[in-house]
Amino acid sequence: MTLIVEKFGGTSVGSVERINAVADHLVKKFAEGEQLVVVVSAMSGETNRLIKLANDITEKPSAREMDVLVSTGEQVTIALLSMALQEREQAARSYTGGQVSIKTDGVHSRARILEIDAKKIRSDLDKGRIVVVAGFQGIDSSGNITTLGRGGSDTTAVAIAAALKADECRIYTDVDGIYTTDPRVVPQARRLESITAEEMLELSSLGAKVLQTRSVEFAGKYHVPLRVLSSFVDGPGTLITYEEEGSSMEAPLISGIAFQRDEAKLTIRGIPDHPGIAHQVLGPISEAHINVDVIIQNASAKGQTDLTFTVPRDDYESCMEILNGLVTELGARDVKGDDRIAKISIVGVGMRSHTGVANTMFKTLADHDINIQMISTSEIKVSVIIDETHLERAVQTLHKAFDLDSV
Ligand code: ASP
Ligand code: MG
């Protein structure tokens, strides 16, 4: 018998009709011989509604009570789905995270799963039941309810699949898989049959909306066979795989193109170059809890150097203020900035075994008169910073240049 963990997100269980549709689907799968553990999210909008209620009562809700509150959304769904299954003469049982011992650390609102006691789930499966588990929640060592961060039901599903050594973990959502890029920007974007977990993590700006990043990390650690598919239309979805050593020779050069608007860059120029300047400049930025992305320090000339980095556009003004404050302190010349930039990244494990990928990217952009302002690379990714007005055109031409348009 195959053992499958299926997870249904908020829109997939967003109404009584949708819950009934999920129940029909599960009854069919069960009849086909699958043992099923089902993880569900709160009905769509519910978690936000609960958060708003708390904020209407107090500006500073305690983290513990917040978790007690928001975890109720999932409890509603498990009960309703189990009822829908029982209504179809299908044996089923619902459990909260605490009831099936999803043990976490005590960090409220972003707890990490430490262990899962799979015994109870197994014994129910053996009795021919479909087991319905509340996503997003767990219990700490003192018995407090914890939650795993927004989108955390994905991680619950992957963790249960890992604990049970399930044959597959299927994440049902409102898109039918992972795409080569955002279809709203490139209509020719296509669904990937498969993608490696590493690529998926790098493509997080595409993927984060589909899977909680932490669930992909978790899946990678335990090599959980993971598939993303639509609960609205039938199809194979996208399989997340784990690259075997050496298999990247056959991998496509580029699997996908991710992009980010709403970025900004800042340059502090003419800083006397000595050990510690990167720390002196970026330390205060990090203390302000601003996330720095691409960083470039120039080769120094005449004992001076320039440091350029990018941050989310919302943090531009505060970064500017911090840097301006540092100019005199560090004896730097001045600060410049541009808050109208965007980042494009091409991602693919094929880069490991093929040269010239970055160059194809640079040439394609040059041929279209798109100026590259910054470049950063990792083993399986090349990112460039460009003027935001060229973003759409750049993504479209790169998509074509790397043959992602074709089937
Ligand atoms: N209900 C939670 C949220 O909205 C967890 C989840 O859906 O995965 O973030
Ligand atoms: Mg989700």
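That block above? That's the structure.
Quick summary incoming for the structure in this document. Source: prediction; values computed, not measured.

As a further point, take the overall build of the chain. Helix and strand content of the chain: 13 helices and 18 strands. Taking 2.2 N^0.38 as the reference for a compact globule, 407 residues should give roughly 22 Å; the C-alpha atoms of the chain span a radius of gyration of 24 Å, in line with that estimate. Judged by the C-alpha coordinates and their principal axes, the chain covers about 80 × 55 × 35 Å. Residues classed as buried in the chain amount to 49% of the 407 residues present. Accessible surface computed for the chain: about 19100 Å², of which carbon and sulfur atoms make up 49%. For the chain, the centre of its 42 positive side-chain charges and the centre of its 57 negative side-chain charges are spaced 2 Å apart.

With that settled, consider the site of ligand 1. Residues in contact with ligand 1, as listed here, are Ser41, Ala42, Thr47, Glu74, Phe136, Arg150, Gly151, Gly152 and Ser153. Separating an oxygen atom of ligand 1 from a backbone N or O atom of Gly152 is a distance of 3.3 Å. Protein chains shield 87% of the accessible area of ligand 1, which is 260 Å² for the free molecule. Split by residue class, the shell around ligand 1 holds two nonpolar, five polar and two charged.

What follows deals with the side chain of Ser82. Within the secondary structure, Ser82 sits in helix 4 (residues 72-87). With residues up to four places along the chain from it excluded, the contact list for Ser82 reads Ala92, Arg93, Ser94 and Val132.

With that settled, the discussion passes to the sheet that holds strand 17 (residues 374-378). Pairing is antiparallel in the open sheet, where six strands are placed in the order 14-15-13-16-18-17. Both edges of this open sheet fall to strand 14 (295-297) and strand 17, since each of them pairs with a single strand only. Mean inter-strand twist for the sheet, computed between neighbouring axes without regard to direction, equals 25 degrees. Inspection of the sheet shows strand 17 paired to strand 18 (residues 381-387) by five bridges, in the antiparallel sense. Bridging from a neighbouring strand, Ser376 pairs with Ser383 of strand 18. Contacts between helix 11 (residues 316-330) and the sheet are confined to strand 13 (256-272), strand 15 (304-312) and strand 16 (334-347), with strand 13 contributing the most and set at about 20 degrees to the helix. Each of strand 13, strand 16 and strand 18 is contacted by helix 13 (residues 391-401), which is oriented at about 120 degrees to strand 13, the strand it contacts most.

It is the contact of helix 6 (residues 153-164) with helix 9 (residues 213-222), at a shortest axis distance of 8 Å, that shows an interaxial angle of 10 degrees. Classified by the angle between their axes, helix 6 and helix 9 sit roughly parallel to one another. The way helix 6 lies across helix 9 gives a crossing that is left-handed. For the pair formed by helix 6 and helix 9, the contact residues are Asp154, Thr155, Val158, Ala159 and Ala162 on the first element and Arg214, Ser215, Phe218, Ala219 and Tyr222 on the second. Of the residues belonging to the contact of helix 6 with helix 9, the class tally is six nonpolar, two polar and two charged.

On to the sheet that holds strand 2 (residues 34-40), then. Reading across from one edge, 3-6-2-1-9-11-12-10 is the order of the eight strands in this open sheet, with mixed pairing throughout. In the strand order of this sheet, the two ends are held by strand 3 (92-95) and strand 10 (194-196), each with one partner. Sheet twist, expressed as the mean angle between neighbouring strand axes with direction ignored, is 20 degrees. Across five bridges, strand 9 (residues 168-173) lies against strand 11 (residues 226-230) in parallel orientation. When the bridges of strand 11 are listed, Arg170 appears paired with Arg227. Packing against the sheet, helix 5 (residues 119-126) makes contact with strand 1 (2-8), strand 2, strand 3 and strand 6 (130-134), and its axis sits at approximately 130 degrees to strand 2.

We now examine the pattern of salt bridges. Within the structure shown, the criterion is met by 24 salt bridges. Here Arg313 and Asp262 are joined by a salt bridge, their closest N and O atoms 3.6 Å apart. Of this pair, Arg313 sits in the loop between strand 15 and helix 11 while Asp262 sits in strand 13, placing them 51 residues apart in sequence. Exposure remark for Arg313: the relative accessible area of 14% places this residue in the buried category. Note on Asp262: relative accessible area 48%, which makes it partly exposed. In this structure, Arg340 and Asp339 form a salt bridge, with 3.6 Å as the shortest nitrogen-oxygen distance. Take Arg340: its relative accessible area is 41%, and that puts it in the partly exposed class. In this structure Asp339 comes out as partly exposed when scored by relative accessible area, which is 22%. Here the salt bridges share partners, and the residues they tie into one network are Glu6, Glu34, Glu168, Arg170 and Arg227.

Cut-offs and rules
Residues numbered from 1 in each chain as written. Chains lettered and ligands numbered in written order. Predicted model: local features only at pLDDT ≥ 70, side-chain atom pairs only at ≥ 80, totals over all residues. Heavy atoms only, no water. Helix = DSSP H or I, 4+ residues; strand = E, 2+ residues; numbered from the N terminus. Rg over C-alpha atoms; globule rule 2.2 N^0.38 Å. Buried < 20%, exposed > 50% of the residue type's maximum accessible area, 1.4 Å probe, protein only. Areas by Shrake-Rupley, 256 points an atom, 1.4 Å probe, with all protein chains shown as cover. Lys, Arg positive; Asp, Glu negative; His and termini not counted. Charge placed at Lys NZ, Arg CZ, Asp CG, Glu CD. Near = heavy atom within 4 Å. Polar contact = N/O pair within 3.5 Å; in protein donor to acceptor, adjacent residues only side chain to side chain. Nonpolar A, V, L, I, M, F, W, Y, C, P; charged D, E, K, R; others polar. Contact = heavy atoms within 4.5 Å. Pairing = 2+ DSSP bridges. Axes fitted to C-alpha atoms, helices over the stretch in contact; angles between N-to-C directions. Parallel < 35°, antiparallel > 145°, perpendicular 65-115°, else oblique. Left-handed = near helix turned anticlockwise from the far one by under 90°. Salt bridge = Lys/Arg side-chain N within 4 Å of Asp/Glu carboxyl O.

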